[in-house]
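Report on the structure
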Amino acid sequence: MQKSSFDRERILAETFVGSIHFLPEMRSTNDEALELVRAKSIKTPCLVLTERQTAGRGRGTNRWWSAEGALTFSLVMEADEQKLPAPRWPQISLYAGLAICEALQQIAPGLPVGLKWPNDVFIIDKKVCGVLVEVPSSKAGHVVVGIGLNVNNSFESAPADVRGIATSLLDEKQHRFSMSDVLVCLLQAFQQQWLRWEQNGEHLSQQWPKHCLLSGRHVCLETAGRSIEGRCLGINADGALRIDTGEAIECHVVGHVKSFD
Ligand code: BTN
């Protein structure tokens, strides 16, 4: 690993990561991870890590703005497709969200963290973390889980369009955090959640309500070219968002919550 603020030996010793691919700068850790999966045989779980991401991607056509001090990485994971059929794969981003909430409670106790289905982590009404899960077409059984967490990047000097809607640990707690501590804690929490995902227990529907930001609120979901409005009833056992439209209770596995109040 090139010189960095991350402690390679510690990450390998204290987490489930089997290999690390680090570059000081990358366009997008997800792009780099997808390329690694395509071009090489890698030891998984593989951590793809950078200190500066210059063209981070979000869901759909979204960009992910991250200044220096943000934690941006992707994990290349392998899963047994026989045991874990395709309909369960969208749940990965929900389990990643749970891992981030749990890690944040350890790193910065008392922060009011919440999950905006399917994969955003908020502190009150501002986004602190995003997750982008992608399944490479080049290698079966592999999945790339990209995580962007705002750690030591203050939004005080961020572009106006993101300043009001995003926050960082530094902005919330008024002190800087050790990037290695945050990363190790996140990876440990992610490993626990990954095991739970593989076990297919009741975990998701039991844990999600503790953190759900949308339950009981009026939401507008965009899915498959439709807009659905109604009161959010949380998620079902499969991780689908439940919405009471007044006429029916609809469950949706994919979609984007455009607004909530
Ligand atoms: C979203 O908010 O829609 C998801 C944002 C995900 C951003 C992370 S940063 C690390 C990884 N690499 C990317 O290009 N995107 C994800």
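Structural data are supplied above this passage.
Notes on the structure follow. Since we're looking at a predicted model, the values are computed, not measured.

A few words now on the site of the ligand. Close contacts around the ligand come from 20 residues, with Ser28, Gln53, Arg57, Arg59 and Lys127 the closest. One of the backbone nitrogen or oxygen atoms of Arg59 is found 2.7 Å away from an oxygen atom of the ligand. Bound to the protein, the ligand loses 98% of the 410 Å² it would expose on its own. Here the ligand occupies the largest pocket. Of all the secondary-structure elements, those providing two or more residues to the shell around the ligand are helix 2 (29-39), strand 3 (56-57), strand 5 (71-78), strand 8 (126-134) and strand 9 (142-149).

With that settled, the discussion passes to the pairing of strand 13 (residues 249-252). Residues of strand 13 alternate between two faces, with Glu250 and His252 buried on one and Ile249 and Cys251 left unburied on the opposite face. Relative to strand 13, strand 12 (residues 241-244) runs antiparallel, the two sharing four bridges. Following the sheet pairing, Arg242 is matched in strand 13 by Cys251. The turn linking strand 12 back onto strand 13 is made up of four residues, and Gly246 within it adopts a positive phi angle of 100 degrees.

Bringing the state of the cysteines into the picture now. In a disulfide, the sulfur atoms of two cysteines are held together by a covalent bond. In the structure shown here, the tally under the stated rule is zero disulfides. Cysteine Cys251 shares no disulfide, and the gap to the nearest cysteine sulfur, in Cys232, comes to 10 Å.

Our next topic: the sheet that holds strand 12. Pairing within the open sheet is antiparallel, and its five strands lie in the order 13-12-11-10-14. Strands at the two margins of the open sheet, each flanked by one partner only, are strand 13 and strand 14 (256-260). On average, each strand axis in the sheet is inclined to that of its neighbour by 45 degrees, with strand direction left out of account. Here four bridges tie strand 10 (residues 218-223) to strand 14, and the two strands are oriented antiparallel to one another. By the bridge assignment, Cys220 is partnered in strand 14 with Ser259.

The rules we used
- Residues numbered from 1 in each chain as written.
- Predicted model: local features only at pLDDT ≥ 70, side-chain atom pairs only at ≥ 80, totals over all residues.
- Heavy atoms only, no water.
- Near = heavy atom within 4 Å.
- Polar contact = N/O pair within 3.5 Å; in protein donor to acceptor, adjacent residues only side chain to side chain.
- Areas by Shrake-Rupley, 256 points an atom, 1.4 Å probe, with all protein chains shown as cover.
- 1 Å grid on protein atoms, 1.4 Å probe; cavity = no way out; pocket = protein on both sides within 12 Å on 5 of 7 lines; lining within 4 Å.
- Sits in = over half its atoms within 2 Å of the grid points.
- Helix = DSSP H or I, 4+ residues; strand = E, 2+ residues; numbered from the N terminus.
- Buried < 20%, exposed > 50% of the residue type's maximum accessible area, 1.4 Å probe, protein only.
- Pairing = 2+ DSSP bridges.
- Disulfide = S-S within 2.5 Å.
- Axes fitted to C-alpha atoms, helices over the stretch in contact; angles between N-to-C directions.

Keep in mind these numbers describe shape, not what the thing actually does.
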